[in-house]
Amino acid sequence: MVRVGGMTISGDGDQQLRADLVLEGGGVKGIALAGAVGRLVGAGYSFPRVAGTSAGAVVAAVLAALQAGGEPVDRLGDIARTLDYGRFRDRGLPGRLLGPLGFLADGLSVLLEDGAYEGDYLHDWVAGVLGDLGVRTFGDLRTADPGDDGALHHRYALVVTASDLSRRRLVQLPWDYPEYDLDPDEQPVTLEGPAGVSTLVDGGLLSNYPISIFDRLDEVPPRWPTLGVRLDALGIGRAPDRVSAVHGPLALGVALVQTSIEACQAEHVLDRCNVARSMNVDTGEVGAVDFGLGEHAQGVLLTAGEAAADRFLATWDFDRWLADCR
């Protein structure tokens, strides 16, 4: 079996296109990721390893589970569309009692419970989908790759990112479980190690698009590419349509955080070699927290993801990328 241009050719002549895949976070816009993945699958790709942040992590987890279970990967889009985005606003008891005025309790929930919404609906949806596909822990997605670089980061079919506020660092799971004295093959509810319990939030705070996550750590050229799908959630690389003035201490604080995040990630995201292996989805005016997303808008996002993958595949050349970027 030999590799030609990112393609593995077996002794009987069968061709298998392989690529590790990284999916950017972007809230409800994540359904566009499923459209892009569907086009890649239609072009003949399979994905030994997938990684994602936020919504990208959800899509990556379902994709990895479908592959592990031998299920048709083209089910991904249909599964993604079963998400009821309106139920993401699952407020606690005070918010539910206030009905349409539930937003008045959001600030109190943030202060007392560290979040405006409970997150139970999304948790149960992900657990149900993965459970139906036979995946309950990262151990169910452990892989064996004799040709890897010997590091842990090639031993699992799925990696998700989170931001550990307690330790002020990016966490890549399951790779970093040993640092919390936890078995990487298990999936804990909380991360607790010798130094105490860690508070985790969205990985997008520190790395919304970890495109280099699977790059080899040795000097051996990659056997297949790492490809990425971006939702351009941060708007990096394009001029804003309009500029909003920042007034007041709260708005100033939020703007400072957002500016820091975007500036820290821009250099990495816009590196020419990372741009060359990325698909950029035009998600239009859809916002990451537009939880009222209807069927039509979901279809538009899926189509946008498909179009981004089609544009990318029309020009992508792995051998040329290797010559330019290795």
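Quick caveat, the model's predicted, so the values are computed rather than measured.

Now for helix α1 (residues 31–42). Compared with the 16 Å implied by 1.5 Å per residue over twelve residues, the 17 Å span of α1 between its first and last C-alpha is a close match. In the stretch just after α1, G44 is the one whose phi turns positive, near 105°.

Before going further, it helps to spend a moment on the nonpolar core. Among the nonpolar cores identified, the biggest contains 75 residues, and L21, W125 and L158 are the most heavily contacted of them. A per-element tally of this core places helix α2 (residues 55–68) first, with ten residues. With near-sequence residues (within four places) excluded, W125 lies in contact with V58, V62, I79, T82 and L83.

A cis amide bond, omega 15°, links L173 with the succeeding residue P174. Note on placement: P174 falls in the loop between β8 (169–173) and β9 (191–193). For S54, which is not a glycine, the phi torsion comes out positive at approximately 55°. Residue position: S54 is located in the loop between β6 (50–52) and α2. The backbone of R168 sits at a positive phi, close to 55°, despite the residue not being glycine. Following the sequence through the fold, R168 ends up in the loop between β7 (158–164) and β8.

What follows concerns the environment of A276. Mapped onto the elements, A276 comes out in helix α8 (residues 272–276). A relative accessible area of 37% places A276 in the partly exposed class. Between the C-alpha atoms of A276 and C325, which are 49 residues apart in sequence, the distance is 9.6 Å. Not counting residues up to four positions away in its chain, the partners in contact with A276 are F312, W316 and W321.

Next up on the list: the pairing of strand β4 (residues 20–23). Residues D20 and V22 line one face of β4 and the alternating positions L21 and L23 line the opposite face, and both faces are buried. The sheet contact formed by β4 and strand β12 (residues 226–230) spans four bridges and is parallel. Note that in β12 the partner of V22 across the bridge is G228. Pairing geometry for β4 and β6, over three bridges, is parallel. What sits directly across from V22, in β6, is A51.

So, on to the packing of α1 against helix α9 (residues 295–313). At their nearest, the axes of α1 and α9 sit 7 Å apart, and the two run at 40° to each other. Looking at the two axes, α1 sits oblique to α9. Viewed along their axes, α1 and α9 form a crossing whose handedness is right-handed. Counting all contacts with α1, which are made through I31, A32, A34, G35, A36, R39 and L40, the residues of α9 involved are Q298, L301, L302, G305, E306, A309, D310 and L313. Here the contact of α1 with α9 is built from residues that sort into nine nonpolar, three polar and three charged.

Calculation notes
- Residues numbered from 1 in each chain as written.
- Predicted model: local features only at pLDDT ≥ 70, side-chain atom pairs only at ≥ 80, totals over all residues.
- Heavy atoms only, no water.
- Helix = DSSP H or I, 4+ residues; strand = E, 2+ residues; numbered from the N terminus.
- Expected span 1.5 Å × (residues − 1).
- Core = buried A, V, L, I, M, F, W, Y, C linked by side-chain atoms within 4.5 Å.
- Buried < 20%, exposed > 50% of the residue type's maximum accessible area, 1.4 Å probe, protein only.
- Contact = heavy atoms within 4.5 Å.
- Pairing = 2+ DSSP bridges.
- Axes fitted to C-alpha atoms, helices over the stretch in contact; angles between N-to-C directions.
- Parallel < 35°, antiparallel > 145°, perpendicular 65-115°, else oblique.
- Left-handed = near helix turned anticlockwise from the far one by under 90°.
- Nonpolar A, V, L, I, M, F, W, Y, C, P; charged D, E, K, R; others polar.

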